[in-house]
Amino acid sequence: MAYCGPQILIADVVLWPSRSIIKQSYDARERLSDSSLPLHLSYGNLNGDGFGIGWYSPPSAHQNTTTPCVFTSVTPAWNNDNLSRLACRLESGLIFAHVRAAYPGMPVSEQNCHPFQWGRYLFMHNGVVAGFMQIRRKLLAQLSDAAYNAVQSFHSDSAISFGLFLNSLPDMHAPQAPEVMLKAIQATIAIISKVQKEAGISDTSLLNYVVSDGSTLVATRFVSNDEDAAASLYFAEGSAYERTSTAQQQVKRTVTAAPEQTLDGAAGARSKSVTGEGDYHLCYGELGTRVCLIASEPVTGALSDWAEVPRNTALVVCREKAGVLNVVQSPLTAEGVHPRQEEVSRCIEAVARASGLTATANLAAPPANLPGPSLSAPILQTHSSIPSRMDSEGDSPAGSRDVSPSRLPRGTPSGGLPAHGGGGRGRGRDRGTGPAVVVGEEHRLTGHSGTVMALAASDMGLLFSGSTDNTIKVWRLSDCKLVATLEGHRNPIRRLEVHGAFLYSQGAKTVRVWELAGFTCVGVVQVADISGSMKAMAVGPGGLLYVGGQDCKVKAYRLTARTPAPSPIVDEVAVAAAHAEAGRTPSQSPLTAAVAALVGAAPGLAGGAGLANGSKRAPVGHPADARPAAAAAKGSGLALLPPGCKGLCVATVACGGGGAASNGLSRQQPEREAAEANGECSSPTFLQSTDRAVCRACIHAAEQPSAQSGCDHSHCSSVTALALCGEYVCSASTDSTIRVWTAETLEFVRVLRGHRGSVLALHGAGGLLLSGGRDHLIRVWDSETLVCRRTLSGHTDDVLSITGITVPLSDPASEGLADLFSPTVQATPASGPSLGSTRPSSASSAPAVPAVPAVPAGERPLLFASGSADGTVRLWSAHCWSCIRVFRSTHAPTLQPPVLSCAMSESWAAAGMPDGIVRLFSIDDAYARAVQLLYGLADCGADSHQSIVVPLSPVTAKGCDEGGQPVTKKARFDGAAGGRAGAALAPVVTSRLERELERALRTFIRIKTVSADPSLHEECFRGAKFLLRLLEGLGAEVKLCQPVEDKNPLVLARLGRDPAKPTVTFYGHYDVQPALEPEWKTNPFEVNAVDGHFYGRGVSDNKGPVLAFIYSVKELLEECKQPSRAGCLPVNVVFLLEGEEENGSIGFREAVQQNLPWFEGTKLVLISNTLWVGESKPCITYGMRGMISLSVEVKGPARDLHSGNEGGVFCEPLIDLNKVLASLVDSRSNIQVPGFYSGVRPNMLSCALQRLQGCHEFSLEGYKEALGVPYLTTGRSEADLLNSRWCLPSISVVDVRVGTTEEGHDHYRFGPTRFSVIPRAAVGKVSVRFVPNQDAQHLVECLTAHMQHEFAKLRSGNELSVKVHSIGDWWEADPDSPLMRLAERAVQQEWGTTPLLVREGGTMPVASALEKLLGAPSLLLPMGQSSDNCHLANERLGRANLLKGKNVVKHLLAELGAQAKQAGCNGRH
């Protein structure tokens, strides 16, 4: 075997893998001990016919690293201590290992042991040269003197083969290019075949050679006779090679391992070579190969890692850049000449040119709290696009040999292709029209435990992410919440694609089809076998599924239509919510009927594929239900496995209970039935070299595709990406080329060249094909002429993914509409009017646009996004071909992690990264600008980063807006296309303001407005000024009130004084609690948007709701068309924002009383400072308890005393206090104070229970778990518990301190003598909650009398006193009042469900106080969920709660104004 990759301990390759070649040789059990022989000859010399290892030392200044090292021996490798010592101490990035070097009749000596070494080369051979002894002299006669002297053993056919290889090199001493080494190994095989033919030898030669010069590695699998089987050879490639941890092995193994084999008579069965053995595996964390293993038998547990080298094929493992490997396949013939060899050499040369490229390290972005405008996007920096040079040779056109004349597109000369670089018009590489803005992420989606390799977005507002943890997560983009987790794949998810009503997911060997209407797996398509794993996928119209991978081919599978059967409903709530958020139902496409065959194929089957994380699953059907459907699908060309099948092993019984695999292979051995579902062999017997058929039997044979690319024009290495482009399917490969095939038959059309190194990304849309690769460049190809029209530079490392967003258009038939998306449009910067202007730019400021043909009907690209290994996502304008935005992570370590996958929606660009996090970047403004360009309302030269102002009246077909004013450019959008374009413009203002709201929240949270901390007084004042300026921007009258010195000011603002309109007063507070808890996972004063929630101190209490109200008013103003914006609000609005709510509200009542004219005409007081009762159902609060805060103090001696000297001789104050406090409640939380339950109004919970019953928003077990207590003292049911929490009084002891109340915060005194001090006084703080219709003063009297009575019973000489600090009255609203009904309608309009009516056990004195002061009812509209952690660590607020809460307020104000207007009209009539 051979290893090529990062530096690794040799033992990790040779000794310790449980399936290493040494273990395989040991398990072959040859040459066992013979008891009939004398003792000195009878001991087991198991596989003692020679072994060897070779390696290249790591680079060092003290040694020649080009010369490899070799260690060989004739003793058994598994029992050689020297091998163990060397392998456990040496590291290398290129390792050879070989065992069993001799064949019958061959002398066993170290000279014959592999690998052989000469100069910089290592060589080894598995197989035989037929008739070697007959042709040995003739082979030696072919050698030069230098090559002859390099032959290590004339008895070894392998050694002489090595000499022939050296002799075929142009220079045995100089380093050679990869293609030269390939030609030399081809010549070696040709010479041997020629000499054998001349000698009349017809026996079979097996020539599996491996040779390396320390940089390039060439391996061959060659058999001389077509009728005979070739010696086995496999290769595996990945991003890393690692030892599997014990925990991983326990998770992966689902069956009991086979009993350990006994080795009676074998010497040293447990030698040091195998005592450290364990399982190893390949990782797939990036889009490239960094590790390549070549072996005669697979040496890792997962057979899906391995691909069989095709017979008579050479593998060339060459290096690109930064440790990236490229595996190229080349055909071999006995004659040494093959038509494909020239193409292979050309590809290898292009790959080699990438080795000279260097990537620029991207440092992580600085923190987001940079100075600048408070409401701006989180802009980090700006820089121009960075071009990277490329020599002209890389842009050379493809020759005529690459073109099939019968398949040439229209207008293309038959002689070849035009030059790429300038598109035939002298255009060079585009660098953009100006600096691009660098922006950090707006949100993060977490949950994956592995690299996010694939992303896909759907029109239903869903984002799908696939990871190396083998799961797919479904996210709802409207609120960034996880909807479902899809399980079923047993290998990393490499590609995701949404087509019609289905999601396609690609693993190593299978493609799963998921129904979007229920997130259920409706079928599995087996697309690969031992020939290699799949790496690319595309889905086309007409039910065609295209795949490509390690076998270098493109295959098509046609999904034929049958009558669909009803699919199981898996998660009705999640699906309904996803559809409701998007405002649409799953669309039906031509593919729907095609894939309906899969739905009908497995009715009721969920099996091992479906939802995880507690989501409801579909019922599992009997496996027999799948057999007829599978057979029918197979007969119709659909490669289908039951959805329950978890993997690739033919003998597995994991497919829902039994049944043989559909490929008809018989089971091999009983122990193999326990093989793991992902193709991992659980027993070493799977890897015995004497049973090579086992590896094939362990993996399903792939079904026959309906079409596949021909071998004559196939890629030379792995297919990395596929894209549909008009009538073609385009495939990209690590061989540096893009190949074009007909979509229906996969007939070869053309080779597109120009990239240096691997091509890693493709995207086709709107008549364009975009490609990106190792050369850091994006090339834009015209799909009709198949020529490169322009090159986009800017990335500083590999371009790993490309995606885009399009809109459908019908034929414009308008003389003014040019092809806005043609690459031929000049991208020269132009100074034009500001965004949103409809006036034409002057002739001098804008370049002339050349005439172009009419735009055909179809999709038109608006924006493209490219993800790169430089850690950035670049957003490109499809109209101007400039980079308009650069996105990067603001929460990354020192170096930016690579962006491995991208997806786009109208609002977000998503990036998948190795840390398992999906990062979302806001693009709604860029999308709006793209629509503007589509309408002709903006120019490329305008500043793309200004605020976008779009008229809400859509452009009509006649080129006039609704007011009859002409526009600059005319366009006509018919039918569905026009509806989509119009709909894209309508929400622009709202979306922009929502992003502005989120950015304002980030700025607001950074201001540490902790009112209880005197050191942050200036920060609190900054917070007040922030609100003041924000309200001034709305055009409001503003005022700061500070009735009490050294207390935070009150912010007053008013919009509108129309007496005909009602006035709504909104109360909120901008001060927050301290954030001293050590449990904070993020900076509490920096907003972190994770999984649909904003984390930070004050986001829920109460800065988020305050900004939501402000921006609801701002949206109403933005939608206003009158000159006086404040005058068009449906209501007058007053803002009352307090800065001392968390610190006693000192001076609040006085400030309101002093400014009563500001509140003139108030009809409603709106407050949002409470929480929902649960997590998913919105609520309206209609009642809250009151609160009495008091302290109980017991004073004793004049000073503190020593417990050793005076303890036990007097009544201690702290003991007396504890006894008094303990008398307030019993062990079941029943209050023991006489008369304390008097005045409690009965049946206060009836309104709430009517809607709470059956909603599952609250449960006893869930509540107990949330509290972290073993049991509850009250409530046998949810109703009893809620009644105790909301409708009954309670007494809680919240603090006990030593000292007196006058000592304030100095009660606690710490030190080494604290345990020996008896305090002279002790104070207990008591919180009393009371309910309607209790009287606070009466309760104080009852409580005081009870405590005095209990204290008197102690007969203590100490003194007890009770002090009331504050009283906040209870509050209650009538659930049947018109205002409550109005609020219900507003909530239902936004959330789509009837809100719950709830009470709260907490207290908000301001509600009742403002009702009394302003003479208007209060309405409490909670925005936060019960898990928001207000006043605790990791406080959070859901993004959906913030935005929908804003909209609820907006609906409420609008309807309140409409009602008042209607009432005024009725009064006049």
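Every residue gets a number counted from 1 within its own chain, in the order that chain's sequence is written. Confidence filtering applies because this is a predicted model: local features only for residues at pLDDT of at least 70, side-chain atom pairs given and counted only at 80 or more, and all residues used for totals across whole chains, interfaces and linings. Excluding hydrogens and water, the side-chain figures rest on all heavy atoms present in the structure.

What follows covers the overall build of the protein. To qualify as a helix, a DSSP run of H or I must reach at least 4 residues; to qualify as a strand, a run of E must reach at least 2; elements of each kind are numbered from the N terminus. Looking only at helices and strands, one finds 30 helices and 65 strands in the protein. Every one of the 1469 residues in the protein was classed for burial, and the buried ones make up 58%. Looking at the protein alone, contacts between residues at least 24 apart form 72% of all its contacts between residues at least 6 apart. Values of accessible area rely on a 1.4 Å probe in the Shrake-Rupley scheme; residue burial ignores everything except the protein chains shown. In the structure as shown, the protein presents an accessible area of about 56100 Å², 52% of it carried by carbon and sulfur atoms. A 1.4 Å probe rolled over the protein chains alone gives each residue an accessible area, and that area as a share of the maximum for its type sets the label: buried under 20%, exposed over 50%, partly exposed in between. Whether two residues are in contact is decided by their heavy atoms, any of which lying within 4.5 Å being enough.

DSSP-based pairing: two strands are paired if at least 2 bridges between them are found. Sheet architecture is open: four strands sit in the order β33-β34-β35-β36, paired in antiparallel fashion. The open sheet has two free edges, formed respectively by β33 (719–725) and β36 (748–752), since each of these has just one partner strand. Neighbour-to-neighbour, the strand axes of the sheet open up by a mean angle of 20°, direction not taken into account. Relative to strand β34 (residues 728–733), β33 is paired through six bridges, and the arrangement is antiparallel. Among the inter-strand pairings, Ala 723 is bridged to a residue of β34, identified as Cys 730. Interaxial angles span 0 to 180 degrees and are taken between N-to-C directions of axes, which are lines fitted to C-alpha atoms, for helices over the stretch in contact.

So, about the confidence of the model for the protein. Looking at the protein as a whole, its pLDDT mean stands at 77, while 71% of the residues score no less than 70. pLDDT is a per-residue confidence score from the predictor, ranging from 0 to 100. Under a pLDDT of 50 for its full length, residues 363–428 has, in the predicted model, 164 contacts with residues more than four places off or in other chains. Across residues 811–857, where pLDDT falls below 50, the model places 86 contacts with residues more than four positions away in sequence or in other chains.

To estimate how far a helix should reach, multiply one less than its number of residues by 1.5 Å. Here helix α7 (residues 157–168) is 12 residues long and its end C-alpha atoms lie 17 Å apart, about the 16 Å a rise of 1.5 Å per residue gives. When you tally the buried positions in α7, you get 10 out of 12 residues, the bulk of the element. On its buried face, α7 sits against β5 (116–118), β6 (121–128), α5 (132–141), α6 (145–150), α8 (178–198) and β7 (206–212). If you check the start of α7, you find a side-chain oxygen 3.2 Å away from the backbone N of Ser 158, and it comes from Ser 156. Under the rule applied, a polar contact is a pair of N or O atoms within 3.5 Å (in protein, one hydrogen donor and one hydrogen acceptor; residues adjacent in sequence only if both atoms are side-chain atoms).

Contact geometry of α7 with α8 gives a least axis separation of 8 Å together with a crossing angle of 125°. Of the possible angle classes, the one that applies to α7 and α8 is oblique. Two packed elements cross with a definite hand, and for α7 against α8 that hand is right-handed. Side by side, α7 and α8 meet where Ser 161, Leu 164, Phe 165 and Ser 168 of the first sit next to Met 181, Ala 184, Ile 185, Ala 187, Thr 188, Ile 191 and Ile 192 of the second. Each residue receives one of three labels: charged for Asp, Glu, Lys and Arg, nonpolar for Ala, Val, Leu, Ile, Met, Phe, Trp, Tyr, Cys and Pro, and polar for the others, Gly being one of them. Across the contact of α7 with α8, the residue classes tally to eight nonpolar, three polar and no charged. To sort the angles, those under 35 degrees are grouped as roughly parallel, those over 145 as roughly antiparallel, those from 65 to 115 as roughly perpendicular, and the leftovers as oblique. Crossings are sorted by hand: turned counterclockwise from the far helix by less than a right angle, the near helix makes the crossing left-handed, and turned clockwise it makes it right-handed.

The next point concerns the pattern of salt bridges. Side chains carrying opposite charge are able to pair once their charged atoms draw close together. Counted as salt bridges are all cases of a side-chain nitrogen of Lys or Arg within 4 Å of a carboxyl oxygen of Asp or Glu. A complete count under the given rule lists 45 salt bridges for this structure. With a shortest N-O distance of 3.9 Å, Arg 992 and Glu 996 are connected by a salt bridge. Linking Arg 992 with Glu 996, this pair stays in helix α18 (residues 988–1006), spanning four residues, or about one helical turn. Glu 996 carries the same exposure label as Arg 992, and that label is buried. A salt bridge links Glu 994 to Lys 1446, with the shortest nitrogen-to-oxygen separation between them at 3.6 Å. Taken together, the residues span a long stretch of sequence, with Glu 994 in helix α18 and Lys 1446 in helix α30 (residues 1439–1468) at a distance of 452 residues. Across the pair, exposure class does not vary: Glu 994 and Lys 1446 are buried alike. Each of the salt bridges in this network shares a partner with another, and the network as a whole consists of Glu 320, Lys 321, Arg 774, Asp 797 and Asp 798.

With that settled, consider the environment of Thr 1274. Summarising the element assignment, Thr 1274 is placed in the loop between α25 (1260–1267) and α26 (1278–1286). For Thr 1274, a relative accessible area of 30% puts it in the partly exposed group. Along the primary structure Thr 1274 and Asn 1230 are separated by 44 residues, whereas in three dimensions their C-alpha atoms are 8.8 Å apart. The residues touching Thr 1274, leaving out its near neighbours within four places in the chain, are Leu 1281 and Ser 1284. At 3.1 Å, the side chain of Thr 1274 forms a polar contact with the side chain of Ser 1284.

Attention now moves to the nonpolar core. Remark: nonpolar core denotes a set of buried residues (Ala, Val, Leu, Ile, Met, Phe, Trp, Tyr, Cys) joined through side-chain atoms within 4.5 Å. By size, the foremost hydrophobic cluster in this structure holds 100 residues, and its most contacted members are Leu 1107, Ile 1110 and Phe 1135. For this core, the element with the highest residue contribution is helix α20 (residues 1103–1118), accounting for nine residues. When near neighbours in sequence (up to four residues on either side) are disregarded, Ile 1110 contacts Leu 1027, Leu 1030, Leu 1031, Leu 1034 and Phe 1135. One finds Phe 123, Phe 132, Leu 182 and Cys 716 within the second-largest nonpolar core, a separate group that totals 44 residues.

Strands sit in the order β28-β29-β30-β32 across an open sheet of four strands; the sheet is antiparallel. On the outer flanks of this sheet lie β28 (534–540) and β32 (707–708), each paired with one strand and no other. Sheet analysis places strand β29 (residues 544–549) next to strand β30 (residues 554–558), joined by five bridges and oriented antiparallel. Directly across from Leu 545, in β30, lies its bridge partner Tyr 557.

Their axes nearest at 9 Å, the elements α8 and helix α11 (residues 341–353) cross at an angle of 150°. The orientation of α8 relative to α11 falls into the category roughly antiparallel. Between α8 and α11, the contacting residues are Pro 178, Glu 179, Leu 182, Lys 183 and Gln 186 on the first element and Gln 341, Val 344, Ser 345, Ile 348 and Glu 349 on the second. For the contact of α8 with α11, a count of residues per class yields four nonpolar, three polar and three charged.

Positionally, Ser 355 belongs in the loop between α11 and β16 (379–383). Taking the relative accessible area as the measure of exposure, Ser 355 reaches 41% and is therefore partly exposed.

With that settled, consider the packing of aromatic side chains. Any pair of Phe, Tyr and Trp rings, taking the six-membered ring for Trp, is counted once the centres come within 6.5 Å. Such a pair is stacked with planes under 30 degrees apart, edge-to-face with planes over 60 apart, and tilted for the rest. Scanning the model with the defined rule gives 16 aromatic pairs in all. Geometrically, the ring pair formed by Trp 741 and Phe 748 is edge-to-face, given 5.6 Å between the ring centres and 70° between the ring planes. Given the relative accessible area of 1%, Trp 741 is considered buried. You can call Phe 748 buried: its relative accessible area is 7%.

What follows concerns the side chain of Arg 476. Topologically, Arg 476 is positioned in strand β22 (residues 472–476). You can call Arg 476 buried: its relative accessible area is 12%. Only 2.9 Å separates the side chain of Arg 476 from the side chain of Asp 479, close enough to count as a polar contact.

Buried within α26 we find Leu 1281, Leu 1282, Ser 1284 and Trp 1286. Where the residues of α26 are buried, they touch α24 (1246–1252), α25 and β63 (1396–1400).

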